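Next come the chains, spelled out residue by residue.
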Amino acid sequence: MSVTLAGSMGGAKKISEISENTKFLINLINSPSPEKLQEQWLNLMNEISVVSLVINNNCNLKCKHCYLNTNLLLKPLSKNEWENFLNSLEKIKPILVTISGKELTIDPNKSFFLKKLKELRDNKSILKFGFITNGILLHKMENLLLETTPDYLDISIDGINQTHELIRGKNTFDKTFQNTIWCSKNLKNPTVVNITIQKNNYDKLINIFKFFIENNITNIAANFYKPLPYTDPNLTLSKEEIMITFNSLNEIKYLQTQKPFTFLLDLDHIYLPPVAQFLKTNWFDISKLKEDENKSTILIHEFQNNTKIIFRLNLIPIGISRIRITPDGFLLAADDSVNTIEYEKNFIANLRNFNYDIKKLHNFAINSPRLKQIFNRFIKNELPIIKSALN
């Protein structure tokens, strides 16, 4: 779970020097009066770079760490309503549209969504699209995947064999793994194994990496498990275990691989224990911050053995520069996307009230008092922890 809203996003590409978002992060950290930077932050909301679609509230698994359990307030959007909304994306031309859940592969309209997103990409209404899945049923979508060529595909795998099945249920690993192998061999764009780092696997990461390298899968992404009121608290890592995780990443420079291997780790302000530990490590160097095509702040460490670690840092509120659309049409800021119990309290608007027009919806959302609440909460509760870890 991460405020990226889009899993790995296909990795970090087209690396550039720091731009507006990253400069603002540095200014915020260094400012003696960060609360005065609210208007500058709101200016970063003028464009939507990522649109995350939660197209249903159904899944074929019951994973212990799953955060995405939305209680619908209204009737789900119809196929025609989704199409009207997706057609409007041409007005804002987002970088990425992703289907984040709850599970695309069991949705009766999966063909419609993937074909529509391909159409939007082909006519340059969006730059790219992808989706996140548990991978169990991907073998039933092989022709559709070959036809629509998503720009990336995230498959959630939390370990090898039993380690994975402790989280996702019996008889899930082999099915998911075989489908991952097929996707990696047959799809031209990245197939990414996406790991949630938690109590059962934090000390097994290097062995997991070796396993996938041996099977020619060399794109792995991860984020740390964030405990929520409705998920399993026993999966939560201690500060010491989080630091063990960061220290273990030094072993990546000794992995043997023929193909380039990339490990992408997301860290963000909505769950600060991993961030606080990371900022104390030698992995962090504020002078080496870069930015990728998704407008994400990143740190890259490359090694002589053809391996790479990318730390993607969402250390300041994202607001509506990335948005989530729920199955019943509500818009949420990225920072409000994780705790689904609070969706009803935090949603900004419903696209049905704006004739399914993303431009009208965005114009309304940018003036929402919810954005200022997100920023003020960050200044009061989260920024002091980040600054303390840097000192």
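The model shown is predicted, which means the values in this text are computed figures rather than measured ones.

Conventions and cut-offs
Residues numbered from 1 in each chain as written. Predicted model: local features only at pLDDT ≥ 70, side-chain atom pairs only at ≥ 80, totals over all residues. Heavy atoms only, no water. Axes fitted to C-alpha atoms, helices over the stretch in contact; angles between N-to-C directions. Helix = DSSP H or I, 4+ residues; strand = E, 2+ residues; numbered from the N terminus. Parallel < 35°, antiparallel > 145°, perpendicular 65-115°, else oblique. Left-handed = near helix turned anticlockwise from the far one by under 90°. Contact = heavy atoms within 4.5 Å. Nonpolar A, V, L, I, M, F, W, Y, C, P; charged D, E, K, R; others polar. Salt bridge = Lys/Arg side-chain N within 4 Å of Asp/Glu carboxyl O. Buried < 20%, exposed > 50% of the residue type's maximum accessible area, 1.4 Å probe, protein only. Core = buried A, V, L, I, M, F, W, Y, C linked by side-chain atoms within 4.5 Å. Phe/Tyr/Trp six-rings, centres within 6.5 Å; stacked < 30°, edge-to-face > 60°.

(A) Region of the structure containing the packing of helix H3 (residues 79-88) against helix H4 (residues 110-122). Packing of H3 against H4 brings their axes to within 11 Å, and their N-to-C directions diverge by 15 degrees. The orientation of H3 with respect to H4, classified from their angle, is roughly parallel. Read as a crossing pair, H3 and H4 show a hand that is right-handed. Between H3 and H4, the residues in contact are Lys79, Trp82, Glu83, Leu86 and Asn87 and Phe112, Phe113, Lys116, Leu117 and Leu120, respectively. Split into classes, the residues belonging to the contact of H3 with H4 amount to 6 nonpolar, 1 polar and 3 charged.

(B) Representation of the pattern of salt bridges within the structure. Scanning all chains against the criterion turns up 17 salt bridges. With a closest N to O distance of 3.8 Å, arginine 121 and aspartate 122 form a salt bridge. You can call arginine 121 buried: its relative accessible area is 14%. One salt bridge connects lysine 204 with aspartate 203, and the closest N-O pair in it is separated by 3.4 Å. Judged by its relative accessible area of 32%, lysine 204 is partly exposed.

(C) Layout of helix H8 (residues 205-214). Burial within H8 is extensive, with 7 of its 10 residues counted as buried. Every buried residue of H8 is listed here: Leu205, Ile206, Ile208, Phe209, Phe211, Phe212 and Ile213. Buried positions along H8 lie against helix H7 (173-186), strand E5 (191-197), strand E6 (219-224), helix H9 (239-248) and strand E7 (261-268).

(D) Summary view of the nonpolar core. Formed by 106 residues in total, the largest nonpolar core has its most connected members in Phe85, Phe209, Phe246 and Phe311. Among the elements that make up this core, the one with the highest residue count is helix H13 (residues 369-390) (8 residues). Not counting residues up to four positions away in its chain, the partners in contact with phenylalanine 311 are Phe246, Leu249, Leu265, Leu267, Phe278, Trp283, Thr297, Ile298, Leu299 and His301. Membership of the second largest hydrophobic core comes to 8 residues, among which are Val54, Tyr67, Leu228 and Tyr343.

(E) Representation of the packing of aromatic side chains in the model. Evaluation of the coordinates by the stated rule reveals 19 aromatic pairs. Taking 5.9 Å as the distance between ring centres and 70 degrees as the angle between the ring planes, the aromatic pair formed by phenylalanine 278 and phenylalanine 284 counts as edge-to-face. A residue is classified by how much of its surface remains accessible, and phenylalanine 278, at 1% relative accessible area, is buried. Taken together, the aromatic side chains of Phe224, Phe246, Phe278, Trp283, Phe284, Phe303 and Phe311 make up a single cluster linked through ring pairs.

(F) Focus on the packing of helix H1 (residues 20-30) against H13. Interhelical geometry of H1 versus H13 gives an angle of 80 degrees and a closest axis separation of 10 Å. It follows from the interaxial angle that H1 and H13 lie roughly perpendicular. In contact with Phe24, Leu28 and Ile29 of H1, H13 contributes Phe375, Phe378, Ile379, Leu383, Lys387 and Leu390. Among the residues forming the contact of H1 with H13, the class breakdown is 8 nonpolar, no polar and 1 charged.

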